[in-house]
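The lines below spell out each chain.
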Amino acid sequence: MSGVNKVILVGNVGKDPEVRYLEGGVATARFPLATSESYKNREGQKVETTEWHNIVLWRGLAEVAEKYVRKGKQLYIEGRIRTRSYGEENNKKWITEIVADTMTMLGGPRSEQNGSEPAAVQAPIETSAIPTGGDDLPF
């Protein structure tokens, strides 16, 4: 049995996405997303904590982010956790990222340049994983 690596976040964009185009024209976008929760402590005071997440988008999602996502925008993100290292062996650093498969733009400030925006965007489905023959179906 394989494991499950699924993340769902609702938060606010910390800064405008950094978009780069790799060889072959593949777009990638990165930006921080803040999620906050509040609770009352034992003294009855409201306490708010914020967690920052490194979001990574690829291809079509990255292109949508380049056009519509701005600092302060509220987003719904579905994806998976990925941890990777970088740097030299004696100075290796680790980073944990959320690789998004789905992004939905929620409330928040609209882009002043664009009057309309898409409501939800999903990464394309890998068609190689979809069975095409009738013999593969269990019913």
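Student: Could you clarify how one ought to interpret the pattern of salt bridges in this entry?
Tutor: Note that side chains of opposite charge can pair when their charged atoms are close. Counted according to the given criterion, the structure contains seven salt bridges. A salt bridge links Glu97 to Arg82; the shortest N-O distance between them is 2.5 Å. One end of the pair, Glu97, is in strand S6 (residues 93-105); the other, Arg82, is in strand S5 (residues 74-86), and 15 residues separate them in sequence. We classify Arg82 as partly exposed; its relative accessible area is 28%. The shortest N-O distance in the salt bridge between Arg84 and Glu97 comes to 2.9 Å.

Student: Help me understand the environment of Tyr21, please; the structure alone is not making it clear to me.
Tutor: Here Tyr21 lies in strand S2 (residues 18-21). Assessed through its relative accessible area of 44%, Tyr21 is described here as partly exposed. Taking the C-alpha atoms as reference points, Tyr21 and Glu63, 42 residues apart in sequence, are found 9.7 Å from one another. Beyond its immediate sequence surroundings of up to four residues, Tyr21 is in contact with Val26, Ala27, Glu63 and Glu66. Within the structure, the side chain of Tyr21 is placed 2.7 Å from the side chain of Glu66, a separation counted as a polar contact.

Student: Would you explain the pairing of S5 in this entry?
Tutor: The side chains of a regular strand alternate between the sheet's two faces. Bridging between strand S1 (residues 7-13) and S5 involves six bridges; their strand directions are antiparallel. Each residue of the ladder has a partner; that of Gly11, found in S5, is Leu75. Here S5 runs beside S6; their pairing, made up of twelve bridges, is antiparallel. Paired with Arg84 across the two strands is Ile95, which belongs to S6. In this structure, the hairpin formed by S5 and S6 is closed by a connection of six residues, where Gly87 is found at a positive phi of approximately 100°.

Rules used in this analysis
- Residue positions are counted from 1 within each chain, in the order its sequence is given.
- Per-residue local features of the predicted model are confined to residues with pLDDT of at least 70, and side-chain atom pairs are confined, for both listing and counting, to 80 or more; whole-chain, interface and lining totals are unaffected and use all residues.
- Working from all heavy atoms in the structure, the side-chain values ignore hydrogens and water.
- A carboxyl oxygen of Asp or Glu within 4 Å of a side-chain nitrogen of Lys or Arg is what we treat as a salt bridge.
- Note on conventions: DSSP H or I runs of at least 4 residues are helices, E runs of at least 2 residues are strands, and numbering of each starts at the N terminus.
- Think of it in three bands: with a 1.4 Å probe and only protein chains considered, a residue is buried below 20% of the maximum accessible area for its type, exposed above 50%, and partly exposed in between.
- Should any heavy atoms of two residues lie within 4.5 Å, those residues are considered in contact.
- We call two N or O atoms a polar contact when they sit within 3.5 Å, provided that within protein one can donate a hydrogen and the other can accept it, with sequence-adjacent residues counted only if both atoms are side-chain atoms.
- For two strands to be treated as a pair, DSSP must find no fewer than two bridges joining them.

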